[in-house]
Amino acid sequence: MPPIDSDAIIIGAGISGMYQLYRLRALGMQVQVLEAGTDVGGTWYWNRYPGARFDSESWSYGYSFSEELLQEWEWPEHFAAQPDTLRYLNYVAQKFDLKKHITFNARVTTAYFNDADNHWAVSVEGGAHYRAPLLITALGPLSAYTLPNIPGRDQFKGKAYHTARWPHDPVDMKGKRVGIIGTGATAIQTIQTIAKDVGHLTVFQRTPNWAAPLHNRKITPEEQAQIKASYPEIFARCRETSTCFIHQTDPRNALDVSPEEREAFWEKLYSEPGFGIWVGNFADVLTNPAANDLASAFMAKKIRQRVKDPAVAEKLIPKNHGFGTRRLPLESGYYEVYNQDNVRLIDINETPIECITPEGIKTSQEQFQFDILIYATGFDGVTGPYDRIDIRGAGGLSLKKEWVGTPKTFLGVMAEGFPNMLMILGPHTARGNIPRNIEEIVDWVTDMINHMRQHQYNRVEPRPDAVAAWGEHVEKAVENLLFSQVNSWQTGINRNVEGRDVRRTLGYYGGAVEYRRMAQEVAIKGYREFLWR
Ligand SMILES: Cc1cc2nc3c(=O)[nH]c(=O)nc-3n(C[C@H](O)[C@H](O)[C@H](O)COP(=O)(O)OP(=O)(O)OC[C@H]3O[C@@H](n4cnc5c(N)ncnc54)[C@H](O)[C@@H]3O)c2cc1C
């Protein structure tokens, strides 16, 4: 079968891929989107586990590009649940007639750049081929899920689910014996949701995480009207903060204020919705170990107050990392779950899991029997989805090999040696309230493609010196951040994936404001950091 030609191929139909499609189509380009799933939505298509919802304020998360869309759509809750977000993304796809450009059930396996004609040749599972001068990867930072590296996984006779591959039909857990592996953000949402329905729940914890209350609630009609009237201010606010959330870091240092003032501020943050306690905290909490210790002590006190059994509370208090140095899960009654008679916490550092058996899980001390096993074991973050495609750039260069050690990019939008490949939310881009970053990057990439078309260039790639300078800048930006000294998916560690045992910097942590400023400067000065042909 001859390849299907287009002006650009986009891989992924999540928030990034959908918006990039919308923007390129507006340039009059013929666009082919290839998506592994059977529908749009990305993260919100795949992660259907019980309790899945935003940690971003819903009204700060949606697309900002269409005033009509903003006025039409009504978020039901301040922190929307996954079904509502998926409904929203389908609404967007329908409103802007996007689906006709998307091929579903199309998992990309290879993408090869042809130096002779400056085109990308892309193949999907099952053998269909596509060809275009431009390749845009909108693979998502959290789309390559990982299973735990435990022997016997295939032997379990009950039902087993990874949270990122949850069935489309509800799973009946009433009265069932359920085991869950993992205690990250996803696990916390799942555990607090299913604990009331299951017969018995056993939680296998390796690393406890600091978690803070979400304080979600329904949006009242008055609030709805207020939100719709204030979108310009909401998005302006998100543009001012380094994480694109509505929460701004407090300029004071925790160590500069009195203990009473500190305590009062933390109590206030703990009682307020969303990520304020993480990204709107005192300026030194995520940079100064002494300030971080105080914040951790405050959070530990909260856990001790909420969990009745002191031994269980101690197990739930992280000892190997300080507050906020890993991605903070937000919870709704998570700690109280451990006061229920039908819930048990197993610390697998004390009693390691030896294997999965046909009946359940065997630890060094006990044999557990389950009807259902849940793997809440997360993702091979950021670079994982790239590694799962055989991407070859100029002269057959392998992206996977090139990125061993650390990714080499310019602004996180292009990789050295991979002409005409543009990445949305690739490594080394700013993070936080992600759709705000996505819109920025997609707009920037669209302008660059427009520049390319106007000048009739066939090929663009970043200059090696620009890549080297950006790499140095990215490393410098994390130097003072405590999180860079902690193992987590955000620092490239995943004990379930071979080779993911060395810390890497996977994002740009100099802040979204600075990222935007630098990216805009590159565009204004005529994209001098790139080689054009
Ligand atoms: C459970 C969960 C909760 C989250 N909550 C928040 C939150 O509250 N706030 C926030 O800002 N962010 C949150 N995130 C991050 C979230 O990923 C982003 O907000 C956003 O959805 C990213 O959009 P995306 O389009 O870039 O990637 P995705 O939504 O991941 O979409 C990528 C798409 O690419 C497809 N794809 C990947 N590889 C291939 C391939 N080889 N071939 C074909 N298709 C492929 C995938 O199937 C997927 O549909 C959360 C993530 C998870 C997992």
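My aim in this report is to walk through the structure given alongside it, one point at a time.

Rules behind the numbers
Residues numbered from 1 in each chain as written. Predicted model: local features only at pLDDT ≥ 70, side-chain atom pairs only at ≥ 80, totals over all residues. Heavy atoms only, no water. Helix = DSSP H or I, 4+ residues; strand = E, 2+ residues; numbered from the N terminus. Rg over C-alpha atoms; globule rule 2.2 N^0.38 Å. Buried < 20%, exposed > 50% of the residue type's maximum accessible area, 1.4 Å probe, protein only. Pairing = 2+ DSSP bridges. Axes fitted to C-alpha atoms, helices over the stretch in contact; angles between N-to-C directions. Expected span 1.5 Å × (residues − 1). Salt bridge = Lys/Arg side-chain N within 4 Å of Asp/Glu carboxyl O. Near = heavy atom within 4 Å. Polar contact = N/O pair within 3.5 Å; in protein donor to acceptor, adjacent residues only side chain to side chain. Nonpolar A, V, L, I, M, F, W, Y, C, P; charged D, E, K, R; others polar. Contact = heavy atoms within 4.5 Å. Parallel < 35°, antiparallel > 145°, perpendicular 65-115°, else oblique. Core = buried A, V, L, I, M, F, W, Y, C linked by side-chain atoms within 4.5 Å.

**Concerning the overall build of the protein**
Along its length, the protein carries 18 helices and 24 strands. The C-alpha radius of gyration of the protein comes to 23 Å, within 12% of the 24 Å expected for a compact globule of 533 residues. On the principal axes, the C-alpha backbone points of the protein span a range of 70 × 55 × 45 Å. Here the protein, with 533 residues, has 57% of them falling under the buried criterion.

**A short note on the sheet that holds strand 17 (residues 367-369)**
An order of 15-16-17 is seen for the 3 strands of this open sheet, with the pairing classed as antiparallel. Since the sheet does not close on itself, it has two edges, and those belong to strand 15 (353-356) and strand 17, each with one partner. Shown here is a sheet whose adjacent strand axes are inclined to one another by a mean of 20°, direction ignored.

**Examining helix 1 (residues 15-26)**
Relative to the 16 Å expected for 12 residues at 1.5 Å per residue, helix 1 spans 17 Å between its end C-alpha atoms, a close match to the ideal helical length. For helix 1, the set of buried residues is Ile15, Ser16, Gly17, Met18, Tyr19, Gln20, Leu21 and Leu24. Looking one or two residues beyond helix 1, the residue adopting positive phi is Gly28, at roughly 85°.

**Digging into the sheet that holds strand 5 (residues 108-114)**
Pairing within the open sheet is mixed, and its 5 strands lie in the order 1-7-6-5-19. Pairing within the sheet leaves two strands with one partner each, and these edge strands are strand 1 (4-5) and strand 19 (390-392).

**What about the pattern of salt bridges?**
Charged atoms that come close allow side chains of opposite charge to pair. Counted according to the given criterion, the structure contains 40 salt bridges. Between Asp390 and Arg392 there is a salt bridge whose closest N-O contact spans 2.7 Å. Overall, the relative accessible area of 23% leaves Asp390 in the partly exposed class. A single salt-bridge network, built from bridges that share partners, covers Asp115, Arg459, Glu461 and Arg533.

**Let's talk about the site of the ligand**
Taken together, 36 residues sit near the ligand, with Ser16, Glu35, Asp55, Ser56 and Tyr61 positioned nearest. Within the contact set of the ligand, a nitrogen atom lies 2.7 Å away from a side-chain nitrogen or oxygen of Ser56. Here an oxygen atom of the ligand sits 3.3 Å away from a polar atom, N or O, in the main chain of Gly432. At the level of elements, helix 1, helix 2 (43-46) and helix 16 (434-454) are the ones that each hand at least two residues to the shell around the ligand. Broken down by class, the residue content of the shell around the ligand amounts to 20 nonpolar, 12 polar and 4 charged.

**With respect to the environment of Trp166**
Take Trp166: it is sitting in the loop between strand 9 (159-162) and strand 10 (177-181). On the accessibility criterion, Trp166 (5% relative accessible area) is buried. Taking the C-alpha atoms as reference points, Trp166 and Asn47, separated by 119 residues in sequence, lie 6.4 Å from one another. Setting aside anything within four residues of it in sequence, one finds Trp166 in contact with Trp46, Arg48, Tyr49, Pro50, Tyr161, Val171, Met173 and Ile374.

**Observations regarding the packing of helix 8 (residues 231-240) against helix 18 (residues 512-524)**
At a closest axis distance of 8 Å, the pairing of helix 8 and helix 18 adopts a crossing angle of 85°. The angle between the axes of helix 8 and helix 18 places the two elements in the roughly perpendicular class. Note on element contacts: helix 18 touches helix 8 through Val513, Arg516 and Gln520, opposite Cys238, Arg239 and Glu240. Across the contact of helix 8 with helix 18, the residue classes break down as 2 nonpolar, 1 polar and 3 charged.

**A short note on the nonpolar core**
Core analysis: the biggest nonpolar cluster contains 128 residues, and Leu201, Tyr338, Trp444 and Phe530 have the highest contact counts within it. The element that contributes the greatest number of residues to this core is helix 16, accounting for 8 residues. Leaving out residues up to four positions away in the same chain, Tyr338 has contacts with Ile191, Val203, Val307, Val312, Leu316, Val343 and Leu345. Ranked by size, the runner-up nonpolar core spans 23 residues in total, among them Trp120, Ile391, Met421 and Met423.

**Details of the pairing of strand 5**
Bridge count for strand 5 against strand 6 (residues 119-124) is 6 bridges, and the pairing is antiparallel. Considered in strand 6, the bridge of Ala111 is made with Val122. With antiparallel pairing between neighbouring strands as the criterion, strand 5 and strand 6 make up a hairpin whose turn holds 4 residues, including Asn118 at a positive phi of roughly 55°. Summarising the sheet, strand 5 and strand 19 pair through 3 bridges and their orientation is parallel. Bridge pairing links Thr110 to Asp390 in strand 19.

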